[in-house]
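# Coordinate analysis (summary)
Okay, here's what each chain looks like letter by letter:
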Amino acid sequence: MYEWHNKIQLMINEIDAGIRRNDDEVLSLSRLSAQLGYSEFYLSRKFREISGMQFRDYLRYRRLAFALKALRDTESGILDIALQYGFSSHEAFTRAFKEAYGVTPSEYRQNPGPVVLRTILKPFDCYLLGIEGAGSMENSIMEKSVKDVKTYFVTIPAHKFLHIKNYESIGYYDFWQKQSLIPGQDCETICGLLDSIKGKLDDLGGSEANSGAGQIMAYINEPDGRICSWGIPLAECYGVRLSADYSGDVPPQMLLIDVPEAEYIVFEHGPFDFEKENCLVEEKIEMAMKTFDYAASGYCLDTAPGRIFYFYHDPERFWKYVRPVKKL
């Protein structure tokens, strides 16, 4: 059922890799179709069917997204950037850039505010496709596996959190289903805006949601939030952490809050295979959090209103919960 979603995801990953390497040959539909063993016509049709857009349009928008970050983060000349990302001239680049973002490259460089980038497509998003990974473990085995979860305390400096939030959603899939009903708060728009913002504290240079691009889920203790399993009201959020002195523009559909310096406990599992191990890793972390001896540590979970819980899910690096604590 998911075979073609996986094939198109491989194709999309190769497009990003080719753009980063400035390898125009690998970015051709003929090369990609030859790699996957299908005709250009058939592959193009499947790409449009699964992604919702033409191959050439997606490629152009991804080139523009990389070019925009080069304008924002480097001092390279506009013509050099245009040629690096596949545009034949300054004029062609300016025309395409303005059509996509409403400003010219030079105007954007002077005032690099948030815009909706075309983030990398994720047609093989296991959560959204309903693939949860391997099944549950026996309790006896699970208890032994808690050792796979590192537990440690950290002090996180003061920062800001730019986000959207939902008071009723339960989990990643449900969150985006509900947000899609709100104009301007669908996954593509929000992730595109967040991807364009410079200075994200968790950004490793990636260009996809909830990954190296610095985008994370979070939960804020708020009276109007849904009561969670440990009995406190949490509003589910999606956003980015920014420095405490961030002074850039805030998109109108987002909120920016100050998060004071505080202590947290981290429950962290290392890299894992999403398709095969996602459920197992989740259960290990849940068990580690459930059985942790707070009294022996000298801390307790801080459930005061306004405290924020961060959730990082990046199978290539880690899965971790960052929960606020206070000394007993």
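Here, the structure is the one placed above.
So, here's what we can say about the structure. Nothing here was measured: the structure is a model prediction, and the numbers come from that model.

## A look at the overall build of the protein chain
- Of the regular secondary structure elements, the protein chain holds 13 helices and nine strands.
- Put simply, the protein chain has 328 residues, and 49% of those count as buried.
- In the protein chain, 71% of the contacts between residues at least 6 apart in sequence involve partners at least 24 apart.

## Here we look at the pairing of strand E8 (residues 308-314)
- Where burial is concerned, most of E8 is hidden: seven out of the seven residues are buried.
- Here E8 shows two buried faces, one formed by Ile 308, Tyr 310, Tyr 312 and Asp 314 and the other by Phe 309, Phe 311 and His 313.
- With four bridges connecting them, strand E3 (residues 215-227) and E8 associate as antiparallel partners. Paired with Ala 218 across the strands is Tyr 310, a residue of E8.
- Across five bridges, the pairing between E8 and strand E9 (residues 318-327) is antiparallel. Across the sheet, Tyr 310 pairs through a bridge with Val 322, a residue of E9.
- Here E8 hands over to E9 after three residues, the two strands then running antiparallel side by side.

## Quick notes on the side chain of Lys 160
- Take Lys 160: it is sitting in strand E2 (residues 159-166).
- A polar contact of 2.6 Å, which involves the side chain of Lys 160, links it to the side chain of Asp 258.
- Aside from chain neighbours lying at most four places away, what touches Lys 160 is Val 240, Arg 241, Leu 242, Ser 243, Ala 244, Tyr 246, Leu 256, Ile 257 and Asp 258.

## Overview of the pattern of salt bridges
- Evaluation of the coordinates by the stated rule reveals 18 salt bridges.
- We note a salt bridge from Asp 73 to Lys 198, for which the minimum N-O separation is 4.0 Å. Here Asp 73, found in helix H4 (residues 55-73), pairs with Lys 198, found in the loop between helix H11 (187-196) and E3; they are 125 residues apart in sequence, far enough to count as distant.
- Look at Lys 198 and you get partly exposed, because its relative accessible area is 47%.
- Here Lys 165 ties to Glu 222 by a salt bridge, and the two come within 2.7 Å at their closest N and O atoms. Separated by 57 residues along the polypeptide, Lys 165 in strand E2 and Glu 222 in strand E3 bring together distant segments of the chain.
- You can call Lys 165 partly exposed: its relative accessible area is 22%.
- Taking relative accessible area as the criterion, Glu 222 reaches 14% and is therefore assigned buried.
- The network of salt bridges with shared partners includes Glu 14, Arg 21 and Asp 23.

## As for helix H1 (residues 3-21)
- Helix length check: H1, at 19 residues, gives a terminal C-alpha distance of 27 Å against a target of 27 Å (1.5 Å per residue), a fit within 8%.
- Listing the buried residues of H1 in full gives Trp 4, Lys 7, Ile 8, Gln 9, Met 11, Ile 12, Ile 15, Asp 16, Gly 18 and Ile 19.
- Its buried side turned inward, H1 meets helix H2 (29-36), helix H3 (40-51) and H4.
- Looking one or two places after H1, you find Asn 22, whose phi comes out positive at around 55 degrees.

## Here we look at the packing of H2 against H3
- Interhelical geometry of H2 versus H3 gives an angle of 95 degrees and a closest axis separation of 9 Å. One way to sum up the angle between H2 and H3 is to call them roughly perpendicular. Residues Leu 29, Ser 30, Leu 32, Ser 33 and Leu 36 of H2 lie in contact with H3, whose contacting residues are Glu 40, Leu 43 and Ser 44.
- When its residues are assigned to classes, the contact of H2 with H3 shows four nonpolar, three polar and one charged.

## As for the environment of Glu 40
- Mapped onto the fold, Glu 40 is located in helix H3.
- Looking at Glu 40, the relative accessible area reads 40%, which means it is partly exposed.
- Through-space distance from the C-alpha of Glu 40 to that of Ser 30 is 5.9 Å; in sequence the pair is ten residues apart.

## Some thoughts on the nonpolar core
- Grouped together as the largest cluster of nonpolar side chains are 37 residues, with contacts concentrated most on Trp 176, Leu 194, Tyr 238, Phe 267 and Ile 285.
- Looking at this core element by element, the count peaks at five residues for helix H12 (residues 274-291).
- Those residues in contact with Ile 285 that lie beyond four places of it in its chain are Val 149, Phe 267, His 269, Trp 319 and Tyr 321.
- The next biggest cluster of nonpolar side chains, apart from the first, holds 36 residues, and it includes Leu 43, Phe 87, Tyr 101 and Val 115.

## Quick look at H12
- Along its 18 residues, H12 runs 24 Å from first to last C-alpha, staying within 8% of the 26 Å computed at 1.5 Å per residue.
- Taken as a whole, H12 has its buried residues at Phe 274, Asn 278, Cys 279, Leu 280, Val 281, Lys 284, Ile 285, Met 287, Ala 288 and Met 289.

## Considering the packing of aromatic side chains
- Across all of its chains, the model carries 21 aromatic pairs by this definition.
- Ring centres 4.9 Å apart and planes at 70 degrees place the aromatic pair Phe 97 and Tyr 101 in the edge-to-face group. Separated by four residues within a single helix, Phe 97 and Tyr 101 lie in helix H6 (residues 90-101), roughly one turn from each other.
- Residue classification places Tyr 101 among the buried positions, given a relative accessible area of 11%.
- Between Phe 267 and Phe 292, the ring centres sit 5.8 Å apart and the planes meet at 90 degrees, which makes this aromatic pair edge-to-face. Within this pair, whereas Phe 267 is found in strand E6 (residues 262-269), its partner Phe 292 is found in the loop between H12 and helix H13 (294-297), the two being separated by 25 residues in sequence.
- For Phe 267, a relative accessible area of 0% puts it in the buried group.
- Judged by its relative accessible area of 23%, Phe 292 falls in the partly exposed class.
- Each residue in the set Phe 87, Phe 93, Phe 97, Tyr 101 and Tyr 108 is aromatic and connected to the rest through ring pairs, giving one cluster.

How each quantity is defined
Residues numbered from 1 in each chain as written. Predicted model: local features only at pLDDT ≥ 70, side-chain atom pairs only at ≥ 80, totals over all residues. Heavy atoms only, no water. Helix = DSSP H or I, 4+ residues; strand = E, 2+ residues; numbered from the N terminus. Buried < 20%, exposed > 50% of the residue type's maximum accessible area, 1.4 Å probe, protein only. Contact = heavy atoms within 4.5 Å. Pairing = 2+ DSSP bridges. Polar contact = N/O pair within 3.5 Å; in protein donor to acceptor, adjacent residues only side chain to side chain. Salt bridge = Lys/Arg side-chain N within 4 Å of Asp/Glu carboxyl O. Expected span 1.5 Å × (residues − 1). Axes fitted to C-alpha atoms, helices over the stretch in contact; angles between N-to-C directions. Parallel < 35°, antiparallel > 145°, perpendicular 65-115°, else oblique. Nonpolar A, V, L, I, M, F, W, Y, C, P; charged D, E, K, R; others polar. Core = buried A, V, L, I, M, F, W, Y, C linked by side-chain atoms within 4.5 Å. Phe/Tyr/Trp six-rings, centres within 6.5 Å; stacked < 30°, edge-to-face > 60°.

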